[in-house]
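A look at the structure
Listed below, chain by chain, are the residues.
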Protein chains: 2
Amino acid sequence: MAKNIQSLERAAAMLRLLAGGERRLGLSDIASSLGLAKATAHGILRTLQHEGFVEQDPGSGRYQLGAELLRLGTTYLDVHELRARALVWTDDLARSSGEAVYLGVLHQHGVLIVHHVFRPDDSRQVLEVGAMQPLHSTALGKVLAATDPVAHAELVDAKREPFTARTVTELDEIERTLDLTRAQGYAADNEETFEGVAAVAAPIYDRRRLAVGSVGITGAVERVCRDGELRPELIAAVRDTARSVSRDLGAKPF
Amino acid sequence: MAKNIQSLERAAAMLRLLAGGERRLGLSDIASSLGLAKATAHGILRTLQHEGFVEQDPGSGRYQLGAELLRLGTTYLDVHELRARALVWTDDLARSSGEAVYLGVLHQHGVLIVHHVFRPDDSRQVLEVGAMQPLHSTALGKVLAATDPVAHAELVDAKREPFTARTVTELDEIERTLDLTRAQGYAADNEETFEGVAAVAAPIYDRRRLAVGSVGITGAVERVCRDGELRPELIAAVRDTARSVSRDLGAKPF
DNA sequence: GATAGCGTTTAGCATTGTCGAACGCGGCAG
DNA sequence: CTGCCGCGTTCGACAATGCTAAACGCTATC
């Protein structure tokens, strides 16, 4: 195990702490939360502030995340190859399915949304790019857990929180669902994450035939399902989109 | 001048370098660009990778920005008070004006877009949240430079690039425009940044009556202007929105 | 107007990150 | 096939670097 730079690890921990706590945090809170001396925490925060990664409220002296993170995070999206290739196809999927489209990749213990196309009606919707979804209850997450060994390991290790009465948290049952996902090439989320919301997703492969992400649609169960089952034409549309993106990434269809 | 943590400054410089270069960068490029020994650069990159701030392409070994930046950058938006307060009003402004709405704050040498409402038609538009705009040529930037002393200083120091034939780069003339902006309470961008694109913006104040950002609309000059001048009803709508948001932030109307 | 808590600064020690050199590996040319 | 060059990575020793603990000024509170 190679040793990592201590001050950087501490700085990263601070940023994650600031991201977690809803409100701004004071220096003493930060220092005690991480078990550091106040002066140590102060030195790191001062540098982070100078670089734009954290900001300090002039009135209260409290700290919060800084604007430079937004700029760099957006740049990450600009360079993201999977997202760039998926842009065209996801628009078409949203139009043909009439539902919101999500594109996600594995990040830490969940799915990071890297692209989101609004449902094509005039309702007010909030952009969820940059948000995280759990692996065990969402369609995007199940697809990744079924096709990416790293994602699967994360799912096994993670604590699987029940969000609704339908959420499956037992490992045995999840494994059976993942087997099914591998067999049929897509996964579903039937009110397992939000009441009244269902989703379908399919895996995206790169040229080495490794899963690099998943696409899917999410919508009200009344529209997405019929007789308690997902509408077959929506499943087909999602799988077609996933195949098209995979082909764009260089994956050969066997 | 207090001293900052060296390794953190170097790590931040690396992230900015990776954000600037369009493509992935190799270790040797990074080390020589920053004037560091390869081993030093490697130690920092290894830690940044472990924390999710950079990723390494398994094939080429090159480095690029990591997903954690997107997650943290989005969290920054979630906590952003100005943005939260502006959400409702900007939707209304987009609807009443029929144009795209932008909300920006000062960041480093330019305006960072923290919110963007699409023009309410079905045309394909790309979200510009997280992007930067220059201070000297845009409506959002001029408003900030006219109302925020820090932004003004940044404008004076910055190199003012000419984007179109109409871009004003001479300091004297810009200062006169800023005086006018302060006097009338809004600023315009008449094809000074993009050919055929015009914009109006107005300042947003907080409870201490300090400028904290600017809102504005941007659109094709044929729609936004009439007889070479901005349509008065659009100027009024933008100023109303800025006042509403300021009031939400606690600014008293004198 | 004393107190308690905050963020900040200071000084000295030793831990920590840095550096130059060497390593293993892959691609490329001879 | 073999030698070479470039890459990313590891190693070990030095001292510069960032850490710790204690003291400082400040504001808000009772």
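Coordinates for the structure precede this section.
We now turn to the structure provided with this report. This structure is a prediction, so every number in the text was calculated from the model and none was measured.

1. As for the overall build of chain A
- Scanning chain A for helices and strands turns up 10 helices and 10 strands.
- Considering only C-alpha atoms, chain A reaches an extent of 60 × 40 × 40 Å along its principal axes.
- Across the 254 residues that make up chain A, the buried fraction comes to 50%.
- Within chain A, counting contacts between residues at least 6 apart in sequence, those at least 24 apart form 54% of the total.

2. A short note on the protein's contact with DNA strand D
- Residues in close proximity to DNA strand D total 19 residues, the closest being Thr40 of chain A together with Gln6, Leu27, Ser28 and Tyr63 of chain B.
- Within 4 Å of the protein, the contacting atoms of DNA strand D are 74% sugar and phosphate, with bases supplying the remainder.
- Here a phosphate oxygen of DNA strand D sits 2.5 Å away from a polar atom, N or O, in the side chain of Tyr63 of chain B.
- Contributions of two or more residues to the surface near DNA strand D are made by α1 (6-20) and α3 (38-50) of chain A together with α1 (6-20), α2 (27-34) and α3 (38-50) of chain B.
- Tallied by class, residues from the surface near DNA strand D come to six nonpolar, 10 polar and three charged.

3. Quick word on the nonpolar core
- Counting 108 residues, the largest nonpolar core has Leu15 of chain A together with Leu15 of chain B as its most contacted members.
- When sequence neighbours within four positions are dropped, the list of residues in contact with Leu15 of chain B reads Phe53 and Leu72 of chain A together with Leu48, Phe53, Val54, Leu65 and Leu69 of chain B.

4. Comments concerning the relation of the copies chain A and chain B
- With an RMSD of 0.1 Å, the fit of chain A onto chain B corresponds to turning through 180° and sliding 0.0 Å along the axis. Such a turn and shift between the copies fits a two-fold axis. Rotation axis and chain A: the residue whose C-alpha lies nearest the axis is Gly73 of chain A, separated from it by 2.7 Å.
- Both copies share a contact surface, since 98% of the interface residues of chain A are interface residues in chain B too.

Conventions and cut-offs
- Residues numbered from 1 in each chain as written.
- Chains lettered and ligands numbered in written order.
- Predicted model: local features only at pLDDT ≥ 70, side-chain atom pairs only at ≥ 80, totals over all residues.
- Heavy atoms only, no water.
- Helix = DSSP H or I, 4+ residues; strand = E, 2+ residues; numbered from the N terminus.
- Buried < 20%, exposed > 50% of the residue type's maximum accessible area, 1.4 Å probe, protein only.
- Contact = heavy atoms within 4.5 Å.
- Near = heavy atom within 4 Å.
- Polar contact = N/O pair within 3.5 Å; in protein donor to acceptor, adjacent residues only side chain to side chain.
- Nonpolar A, V, L, I, M, F, W, Y, C, P; charged D, E, K, R; others polar.
- Core = buried A, V, L, I, M, F, W, Y, C linked by side-chain atoms within 4.5 Å.
- Least-squares fit on C-alpha atoms with pLDDT ≥ 70 in both.

Keep in mind that these numbers describe shape and distance, not what the molecule does.
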